[in-house]
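Residue-level listing of the chains:
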Amino acid sequence: MTNDIRRLRFERGEMTQQALADACAVTRQTIIALEAGRYAPSLELAFRIARTFGVGVEEVFHWEVK
């Protein structure tokens, strides 16, 4: 699974990792792990992140079948 969290943060006025974490009620370390592709979010967290950016989940997260 890949994501566009970093790009979306910067398109939203260079939102910090901490600001996104606060908006989604998670730690900054969670956002770091998500951006690095080391962590797959729960469905609830995926929706929280998408809602924070005002987009659909599929605009944040991408499933790549190998």
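As shown above, the structure is provided for reference.
Residues numbered from 1 in each chain as written. Predicted model: local features only at pLDDT ≥ 70, side-chain atom pairs only at ≥ 80, totals over all residues. Heavy atoms only, no water.

Student: So what's going on with the overall build of the protein chain? Which residues, and what values?
Tutor: A tally of helices and strands in the protein chain yields four helices and two strands. In the protein chain, the order of α-helices and β-strands from amino to carboxyl end is β-α-α-α-α-β. Computed over C-alpha atoms, the radius of gyration of the protein chain comes to 11 Å, within 12% of the 11 Å expected from 2.2 N^0.38 for 66 residues, which places it in the range of a compact globule. In terms of overall dimensions, the protein chain has a C-alpha envelope of 35 × 20 × 20 Å along the principal axes. Taken across its 66 residues, the protein chain has 35% of its residues classed as buried. (Helix = DSSP H or I, 4+ residues; strand = E, 2+ residues; numbered from the N terminus. Rg over C-alpha atoms; globule rule 2.2 N^0.38 Å. Buried < 20%, exposed > 50% of the residue type's maximum accessible area, 1.4 Å probe, protein only.)

Student: Explain the side chain of Q17 to me, and be specific about the residues and the numbers.
Tutor: Within the secondary structure, Q17 is located in helix α2 (residues 17-24). The buried category is assigned to Q17, whose relative accessible area is 17%. Side chain to side chain, Q17 and E35 meet in a polar contact 3.0 Å long. Filtering out sequence-adjacent residues up to four positions away, Q17 remains in contact with R9, R28, I31, I32 and E35. (Polar contact = N/O pair within 3.5 Å; in protein donor to acceptor, adjacent residues only side chain to side chain. Contact = heavy atoms within 4.5 Å.)

Student: Before we move on, can you summarise α2 with the specific residues and values?
Tutor: The set of residues buried in α2 consists of Q17, L20, A21 and C24. The buried residues of α2 occupy an angular sector of 100° when the element is viewed end-on, so they sit on one face. Where α2 is buried, its residues contact α1 (5-11), α3 (28-35) and α4 (43-53). (Arc of directions from axis to C-beta.)

Student: Explain unusual backbone geometry to me, using residue names and the numbers behind them.
Tutor: Phi is positive for E14, close to 55°, though the residue is something other than glycine. Within the secondary structure, E14 sits in the loop between α1 and α2. Using a relative accessible area of 56% as the deciding quantity, one classes E14 as exposed. Backbone geometry places A25, a non-glycine residue, at a positive phi of 60°. Note that A25 resides in the loop between α2 and α3.

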